[in-house]
Amino acid sequence: MDLEFAVNGERFKVDSIDPSTTVLDFLRFNTPFKSVKLGCGEGGCGACLVVLSRYDPELDQVKECSINSCLTLLCSVNGCSITTSEGLGNKKKGFHPIHKRFAGFHASQCGFCTPGMCISLYSALSNSSKEFTVSEAEKSVSGNLCRCTGYRPIVDACKSFASDVDIEDLGFNSFWKKGESKEVMLKNLPPYNPKEHLVTFPEFLKKKKKKKKLHNGLDHSRYRWTTPCSVAELHNITQAANSLGSLKLVVGNTGTGYYQDEERFDRYIDISQIPEMSMIKKGEEGIEIGAAVTISNAIDALKKEESKSCYIFKKMAAHMEKIGNHAIRNSGSIGGNLVMAQSRKFPSDITTLLLAVDASVYMLNGGKKAEKVKVHEFLELPSMLDSKRVLLKVEIPLCTATTSTTSVDDDTELLFESYRAAPRSIGNALPYLNAAFFALVSRRQEPSRRGVTVDKCFLAFGSYGCDHSIRATEVESFLTGKSLSYSVLYEAVGLLKGIIVPGKDTPHHEYRKSLAVGYLFEFFNPLIESGHYSNSHVNDTAKSLLPFLSSSQQVLESNEYQPVGEAVIKVGAALQASGEAVFVDDIPTLPNCLHGAFVYSTECLAKIKSIRFREKNVTPSGVFALLTSKDIPKQGQNIGSKTVFGTGPLFADELTQFAGQRIALVVADTQKHADSAAKLAVVEYDTKNIEEEAILTVEDAVKRCSFFEVHPMIYPEPVGDVLKGMEEAERKIISAELRLGSQYFFYMEPQTALALPDEDDCVKVYSSSQAPEYVHSVIATCLGIQEHNVRVITRRVGGGFGGKAVKSMPVATACALGAYKLQRPVKMYMNRRTDMIMAGGRHPMKITYDVGFRSDGKVTALEFIMLIDAGLEPDISAVMPRNIMGPLRKYDWGALSFDIKVCKTNCPTRTAMRAPGEVQGSYIAESIIENVATSLQMDVDTVRKINLHSYVSLRKFYTRISGDPDEYTLPLLWDKLEISSKFKERAEMVKEFNVCNVWRKRGISRVPIVHQVLQRPTPGKVSILSDGSVVVEVGGIELGQGLWTKVQQMVAYGLGMVKCQGSDKLLERIRVVQSDTLGMIQGGFTAGSTTSECSCEAVRLCCVILVGRLKPTMDKMMMEKPGSVTWTMLIQQAYGQSINLSASTLYTPEYASMEYLNYGVGVSEVEVDLVTGKTEILRSDIIYDCGKSLNPAVDLGQIEGAFVQGIGFFMMEEYTTDEKGLVVQQGTWDYKIPTVDTISKHFNVEIVNSGHHKDRVLSSKASGEPPMLMAASVHCATRSAIREARKQSLSWNCNDGNIDESGTDFELPVPATMPVVKSLCGLYNVERYLQGKILG
Ligand SMILES: Cc1cc2nc3c(=O)[nH]c(=O)nc-3n(C[C@H](O)[C@H](O)[C@H](O)COP(=O)(O)OP(=O)(O)OC[C@H]3O[C@@H](n4cnc5c(N)ncnc54)[C@H](O)[C@@H]3O)c2cc1C
Ligand code: FES
Ligand code: FES
């Protein structure tokens, strides 16, 4: 039988294929459909989702679900129908309401995540059995990553489909204006009709399925894919394994997402069609679930269960709903999970749950007869993968049968609970530890025996870095028969700590142990304290706050410069949603295109002796070349990047100088081949004959005086007399230390470029870059050709955040080198792992400071030494001191002096990441203020207020860039937010909450920001075509920040000045086109938050020129035909008269006003769980002065997105290096950006239109980076909650070594991840609490 399926209704027949081909591979390389994006290739991002529809001919039913196309194997979709986002709707046949609503709710910025989001929503909508609810809407996208939007608009777009939504709760959108009636709102929403808008299963496939309904196996010889239809058939295959070659059993193939296996098998055995393995059956003993049953189906079955055990089953289902995301659960099987856990140490949730209910599994163990073993025995068996064993099914017992062990007089109760401490609760994250507990307890009523006795218990723990989940049998035996008391529990905890021993390479050992202890405590303690079981240590009223996300936006549109100031929908938003928007990797390539992958160094300082592939003298399949610095043309230079501060090499020469440095480029026929060959490359190093030792820390750099020079012109100035300020101080904090780590950009589209050789030594390069001008220049220098031989084209970038500025240059240059040398197109789509290793990210730093202050909290002097780790190359690191000092000066420090060193180390080169240095500078200021307040035992907010600048002190600290007094809006914002966020009242409520709750503490914090930005010269060009349509080019790149939309609005406004008929409707006649470095020179960097406004100003100036040229003709025509001159007529006339209708400019901002300050204030309230260290952001309110926003929808998106990226930096994202400086986090498994479940539950944003700013572009101000700084409010609130926890610990008199003498004087590291928070709240707080109770 042939492999046949449908994609978006179209028939696809594949004659033969490598069975390891994924659906994504096929869609992207063999079909015109490009909406499936490769964001990670490991199931962790959701960019590749598609809908899979299966038809059951017997029931005549179609079942649909979302799946990860990057993991699902193509052969497994034989006979199925796949729908991508462009299959739901598209430009030609009309967009789907989902696309339209995503566009109208401003839910797409760069657009790289959007098709996947749309598929997630579609799948949830189509699978919703009853009415689609708000809760389902929120959860539908909980496993998808978006790095741009901050999720709020995405959630609103999803919620707009919910039947129980209050439409007035939906956020800012283009469908209605504030204050319009509900009827109008509903009417304007693009209508959704399930009958019309659900995809249909193609008839041709239905027919086929009906005909061949019993067996749909593929022809083995062509596909090496077998689909047995019975256990007997499977048994025969596994027994013949030796003659068939290597075999792999597969169901969903999601396991490859975790293991990233390279191994290829001779044959794949799809076991999903075997009835015995795909059934769910309820028997006398319990529920049987076939091993090939998907997790989603198992969840549904457990939820539906109505037996006496249904309470347990429902809890198990609820826990399983936290596994991966919808798509993973839809294709991942129960059996696959168990086998991964049993054979490959996968940290499974399912095994932990099954252990706790004493479940069994059935296996084929070589023979034909199934063998039954308990799950705990199964886990101890030799690896399933080393033999011919097959897991057939799981049996979950009906647990109530066990009640017979207890006496009838007693009030017996069956308890079951499961736990999971993960960085994201439902957003696709493996737990630090999971646990599931089953207990049968009896509550004895007689006065002499009153209390709760444990009659039986199963205590399972897993995912803590152990070989597999375990049962804590010693603790179980200890507790069985015991009457629960504090001392019994304390002893049980002691025993447990000896059992939970994470593997030696597992991070956060003590934290994981403390979780086990915490969960055991949480399970049994309520029985001791109240005699009743309660599932939570927080009172219910507090919990009821949390179920849904809510938000509000106050946004002012202005009509002074129409259409500038209007919340116009982002250009191409619907196109992005359908996935038709073209990114570099979507550009169709020629058949002779080659693909590149970097080989990077794993040593920080070593001589490179040789590079070869793993098997000597065997070139891996598909490899064409291995390019190194030796392949750079003689006339060229080994250069891979450049900034005004210097250059960086494309490849390490003889010496590699940091782990992660590029050493070579493998060029192969496909990206897959290039990537695997790069992995197979073996670099031989010589580390012995190196004279110097590597510099891996800033301290080493100081010792060795290894610094980058910072030109005095850009080195910030001190302020005032620090000696005098220190003398005035009544109190001082001396030599306090603070360290900040790095952050990875996590743009959803990895680095990518495509280079095409052209005639006469020319090369054309498509680059996903924020700085094509520099890419261009680097390529020319590297190849040793004149710049006019190079052309770099960038249409759109799938998220940049600074990471696609300098770091995009070597990617494009390497491709250009390959194309130039091999005279064939060369493309590189970096895999996420390599991207993360090479990206460098944000600058880590160390600060040591002295601060002097009065006893009323007023700071009189601040002095510090700062060491910034810049890595090896200059990049833009020399601007860091200036950037850091901008926001750090937001408070009146009295006097300020500093010594900032930019250290050159053998670490990956750091680069600008969104608000580079600014986010750190602002945070450092807060940290100092926090410490001042702690030292004075004053309220932090009061200390902040007292140190806020007056306009006079603002001028002292910011000199000429302070603007006019009325432009200093910070005090106004500070007060305004106090009222709108009810800051004072809530601060009181937080106090009350903290008194009433032992295991949860809250904190609230208000943080001001001052962020300085700089305008740079920016080009623009506006050309009017003969039909009156307008084409615009700008130096700035569309990264998702809405630059094109603002530019389009500005051109409409500018040309509208001609004031002819229809000139007010020009918007849709304007198209901003891709940047082309030969078409428009001097584009510079798209960075620093001001490219949009500068590009707008450049095109406005062009419009002024064009309007000036058109005016005489216009006036003349008006004289002839008053009032009836249309835009088209005018342009036709102008063409007739050969008027030059193309104008270009280079906007050069005035020196005196090119820098300016931006202001905002953020208030956040958080709740910290003292047992797990989890921080929940209950509410954030931010207020931001955007001047007169050029487009409030775009600016709102920037503000929210930046804030959430800030949450990532402050709370979640660890981007660390090992002892050799190699990046530790290498993918979505261990790098956790925020998802829907980790953002602020209530998120209120107000954009203040602060009126006229004479020196700004139509009075507007920047929005891209400054709002990120406000996320420090979340961190500060967390610090405040922890402070409360520590105060409480002190009151228990249980200092545990992690808590210092004063208890409240501590530094909260960034990011404040769960282990960090827990360690500061007290890793042993549970034990101490129990000790305290025992001692009375
Ligand atoms: C992004 C992501 C997030 C995840 N998050 C979680 C999580 O939070 N918690 C959790 O518990 N799990 C998690 N998982 C794991 C997930 O549950 C498993 O990947 C899935 O269940 C495996 O099922 P599968 O059908 O895809 O297995 P496959 O990938 O098809 O197979 C996995 C392995 O098991 C073998 N195998 C499969 N079935 C059998 C059988 N019946 N007999 C013998 N061998 C067999 C295969 O040969 C293969 O070696 C996550 C996975 C991904 C990709
Ligand atoms: S690319 Fe498939 S989930 Fe990320
Ligand atoms: S819009 Fe979601 S990642 Fe850019």
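Scroll up for the structure.
In short, a report on the structure. From a predicted model like this one, the values you see are computed outputs, not experimental measurements.

Quick word on the overall build of the protein
Reasoning step 1: Helix and strand content of the protein: 43 helices and 44 strands.
Reasoning step 2: In terms of principal-axis extent, the alpha carbons of the protein reach across some 100 × 80 × 80 Å.
Reasoning step 3: Expressed as a percentage of the 1336 residues in the protein, the buried residues total 65%.
Reasoning step 4: Sequence separation of 24 or more characterises 78% of the internal contacts of the protein that already satisfy a separation of 6 or more.
Reasoning step 5: Summed over its atoms, the accessible surface of the protein is roughly 48200 Å², and 51% of this surface lies on carbon and sulfur atoms.
Reasoning step 6: For the protein, the distance from the average site of its 150 positive side-chain charges to the average site of its 154 negative ones is 3 Å.

A look at the sheet that holds strand 14 (residues 411-421)
For sheets, the rule is that strands pair by backbone hydrogen bonds, running either parallel or antiparallel.
Reasoning step 1: Strands sit in the order 14-15-16-17 across an open sheet of four strands; the sheet is antiparallel. With partners counted over all chains shown, the strands left at the sheet margins are strand 14 and strand 17 (470-471), one partner each.
Reasoning step 2: Against the sheet, helix 15 (residues 310-320) contacts strand 14 and strand 15 (433-444), and its axis sits at roughly 5 degrees relative to strand 14.

Considering the packing of helix 3 (residues 97-104) against helix 4 (residues 114-127)
Reasoning step 1: Two elements in contact, helix 3 and helix 4, have axes separated by 10 Å at closest approach and are oriented at 125 degrees. Looking at the two axes, helix 3 sits oblique to helix 4. Taken as a pair, helix 3 and helix 4 cross one another with a handedness that is right-handed. Residue-level inspection shows Ile98, His99 and Phe102 of helix 3 in contact with helix 4, the latter providing Thr114, Met117, Cys118, Leu121, Tyr122 and Leu125.
Reasoning step 2: Residues of the contact of helix 3 with helix 4, tallied by class, amount to seven nonpolar, two polar and no charged.

Brief notes about the sheet that holds strand 28 (residues 731-740)
Reasoning step 1: Overall, mixed pairing links the five strands, which are arranged 27-35-34-33-28 in an open sheet. The two strands at the open ends of the sheet, each matched to only one other strand, are strand 27 (707-708) and strand 28.
Reasoning step 2: Summarising the sheet, strand 27 and strand 35 (residues 896-903) pair through two bridges and their orientation is antiparallel. The residue bridging phenylalanine 708 from the neighbouring strand is valine 902, located in strand 35.

Concerning helix 32 (residues 918-936)
Reasoning step 1: With 19 residues, helix 32 ought to run about 27 Å at 1.5 Å a step, and its terminal C-alpha atoms sit 27 Å apart, in line with that.
Reasoning step 2: A large share of helix 32 lies buried, amounting to 18 of its 19 residues.
Reasoning step 3: Phi turns positive, to about 55 degrees, at glutamine 937, one or two residues after helix 32.

Considering the side chain of serine 1095
Reasoning step 1: Structurally, serine 1095 is set in helix 38 (residues 1091-1120).
Reasoning step 2: On the basis of relative accessibility, which here comes to 0%, the residue serine 1095 falls in the buried class.
Reasoning step 3: Serine 1095 has contacts with Thr1018, Val1034, Gly1036, Leu1043 and Val1047, leaving out every residue within four places of it along the chain.

Re the site of ligand 1
Reasoning step 1: Taken together, 37 residues lie near ligand 1, and Leu249, Thr254, Ser333, Asp349 and Arg420 sit nearest.
Reasoning step 2: At a separation of 2.9 Å, an oxygen atom of ligand 1 approaches a polar backbone atom of asparagine 253.
Reasoning step 3: Measuring from an oxygen atom of ligand 1, one finds a side-chain N or O atom of threonine 254 at 2.6 Å.
Reasoning step 4: For ligand 1, whose accessible area on its own is 970 Å², the fraction buried by protein is 97%.
Reasoning step 5: Elements represented by at least two residues in the shell around ligand 1 include exactly strand 7 (247-250), helix 16 (326-331), helix 17 (334-344), helix 18 (349-356) and strand 13 (390-397).
Reasoning step 6: Ranked by the residues each element gives to the shell around ligand 1, the list is headed by helix 17, at four residues.

Let's talk about the nonpolar core
Reasoning step 1: Ranked by internal contacts, the top residues of the largest apolar core, which has 263 residues, are Phe102, Phe461, Leu479, Phe524, Phe864 and Trp893.
Reasoning step 2: If we ignore the near neighbours within four places in the chain, the residues touching phenylalanine 864 are Ile847, Thr848, Tyr849, Met885, Leu888, Leu896, Ser897, Phe898, Asp899 and Ile900.
Reasoning step 3: Core analysis: the second largest hydrophobic core is formed by 56 residues, Leu354, Met384, Leu392 and Leu414 among them.

Some remarks on the environment of valine 666
Reasoning step 1: Structurally, the position occupied by valine 666 is in strand 25 (residues 662-668).
Reasoning step 2: Exposure remark for valine 666: the relative accessible area of 0% places this residue in the buried category.
Reasoning step 3: Filtering out sequence-adjacent residues up to four positions away, valine 666 remains in contact with His595, Gly596, Ala597, Val599, Phe613, Val623, Ala625, Leu626, Ala674, Ala677 and Ala678.

Quick word on the packing of helix 22 (residues 509-529) against helix 43 (residues 1325-1335)
Reasoning step 1: Orientation of helix 22 relative to helix 43, taken along the N-to-C sense of each, is 30 degrees, at an axis distance of 10 Å. What the angle tells us is that helix 22 and helix 43 run roughly parallel. For the element pair helix 22 and helix 43, the recorded crossing hand is left-handed. Along its contact with helix 22, which presents Val517, Gly518, Phe521, Asn525 and Glu529, the element helix 43 presents Val1326, Glu1327, Tyr1329, Leu1330 and Lys1333.

Re the environment of tryptophan 1044
Reasoning step 1: Topologically, tryptophan 1044 is positioned in helix 37 (residues 1043-1056).
Reasoning step 2: Taking relative accessible area as the criterion, tryptophan 1044 reaches 8% and is therefore assigned buried.
Reasoning step 3: Between the C-alpha atom of tryptophan 1044 and that of glutamine 1137, which follows or precedes it by 93 residues, the distance is 31 Å.
Reasoning step 4: Contact partners of tryptophan 1044, with chain neighbours within four places excluded, come to Val571, Arg795, Arg796, Glu1038, Val1072, Val1073 and Gln1074.

Let's talk about the packing of aromatic side chains
Reasoning step 1: Summed over all chains, the structure comprises 42 aromatic pairs.
Reasoning step 2: With a centroid separation of 5.2 Å and 65 degrees between ring planes, the pair formed by phenylalanine 437 and phenylalanine 523 is classed as edge-to-face. Of this pair, phenylalanine 437 sits in strand 15 while phenylalanine 523 sits in helix 22, and the two are 86 residues apart along the sequence.
Reasoning step 3: Exposure remark for phenylalanine 437: the relative accessible area of 0% places this residue in the buried category.
Reasoning step 4: With relative accessibility at 0%, the residue phenylalanine 523 sits in the buried group.
Reasoning step 5: Between lysine 482 and the ring centre of phenylalanine 478, over which it is positioned, the NZ or CZ distance is 4.1 Å.

Things to note about empty space enclosed by the protein
Reasoning step 1: All told, the structure shown has eight cavities of 30 Å³ or more when counted by the stated rule.
Reasoning step 2: The calculated volume of the largest cavity comes to roughly 170 Å³.
Reasoning step 3: If you go around the largest cavity, you meet 19 residues; those closest to its centre are Arg662, Lys807, Pro810, Met838 and Ala839.
Reasoning step 4: Residues belonging to the lining of the largest cavity are distributed by class as follows: nine nonpolar, five polar and five charged.

Some points on unusual backbone geometry
Reasoning step 1: Note the cis peptide between glutamine 562 and proline 563, where omega equals -5 degrees.
Reasoning step 2: In this chain, valine 1310 is followed by proline 1311 through a cis amide linkage whose omega measures 0 degrees.
Reasoning step 3: The topology assignment puts proline 1311 in the loop between helix 41 (1272-1291) and helix 42 (1314-1322).
Reasoning step 4: Located in the positive-phi region is serine 1089, a residue other than glycine, with phi close to 70 degrees.
Reasoning step 5: You can see serine 1089 is positioned in the loop between strand 40 (1075-1076) and helix 38.
Reasoning step 6: Overall, serine 1089 belongs to the buried group, its relative accessible area being 16%.
Reasoning step 7: Of note in this structure, serine 1138 is not a glycine but carries a positive phi near 55 degrees.
Reasoning step 8: A relative accessible area of 64% means that serine 1138 is categorised as exposed.

Definitions and cut-offs
Residue positions within a chain follow its written sequence, with the count starting from 1. Working convention: letters from A go to chains and numbers from 1 go to ligands, in the order in which they are written. With the structure being a predicted model, the display of local features is reserved for residues of pLDDT at least 70 and the display and counting of side-chain atom pairs for 80 or more, all residues being used for whole-chain, interface and lining totals. Note that the side-chain values use all heavy atoms of the structure and ignore hydrogens as well as water. Strands here are runs of E lasting at least two residues and helices are runs of H or I lasting at least four, both read from the DSSP assignment and numbered beginning at the N terminus. Here's how the labels work: a residue is buried when its accessible area is under 20% of the maximum for its type, exposed when over 50%, partly exposed in between, all with a 1.4 Å probe on protein chains only. Whether two residues are in contact is decided by their heavy atoms: any pair within 4.5 Å suffices. All accessible areas in this document rest on Shrake-Rupley with a 1.4 Å probe, and a residue is counted as covered only by the protein chains that are shown. Positive charge is attributed to Lys and Arg, negative charge to Asp and Glu, and no charge count is given to His or to the chain ends. A single reference atom marks each charge: NZ on Lys, CZ on Arg, CG on Asp, CD on Glu. For two strands to be treated as a pair, DSSP must find no fewer than two bridges joining them. Axis definition: a line fitted to C-alpha atoms, over the contacting stretch in the case of helices. Angles run 0 to 180 degrees between N-to-C directions. Geometric relationships in this document are graded by angle, where less than 35 degrees denotes roughly parallel, more than 145 denotes roughly antiparallel, 65 to 115 denotes roughly perpendicular, and other angles denote oblique. Each helix crossing is assigned a hand: it is left-handed if the near helix lies turned anticlockwise from the far helix by less than a right angle, otherwise right-handed if that turn is clockwise. Asp, Glu, Lys and Arg are counted as charged, while Ala, Val, Leu, Ile, Met, Phe, Trp, Tyr, Cys and Pro are counted as nonpolar; the rest, among them Gly, fall into the polar class. Expected span of a helix: the number of residues minus one, times 1.5 Å. When we say a residue is near a molecule or strand, we mean one of its heavy atoms is within 4 Å of it. In protein, a polar contact requires one atom able to donate a hydrogen and another able to accept it; more generally it is a pair of N or O atoms within 3.5 Å, and residues adjacent in sequence count only if both atoms are side-chain atoms. Nonpolar core, defined: a set of buried Ala, Val, Leu, Ile, Met, Phe, Trp, Tyr and Cys residues in which side-chain atoms within 4.5 Å join the residues together. Geometry of aromatic contacts follows a simple scheme: Phe, Tyr and Trp rings, the Trp one being its six-membered ring, pair when their centres are within 6.5 Å, and the pair is stacked under 30 degrees between planes, edge-to-face over 60, tilted otherwise. Here, over-ring charges are defined by two tests on the NZ atom of lysine or the CZ atom of arginine: distance to the ring centre within 6 Å, and angle to the ring normal within 35 degrees. Space inside and on the surface of the protein is sampled on a 1 Å grid over the protein atoms alone, with a cavity defined as a set of points where a 1.4 Å probe fits but cannot get out and a pocket as an open set with protein on both sides within 12 Å along at least 5 of 7 lines; lining residues have an atom within 4 Å of a point. Grid points are joined across faces, edges and corners, and a volume is the space filled by probe spheres set on the points.

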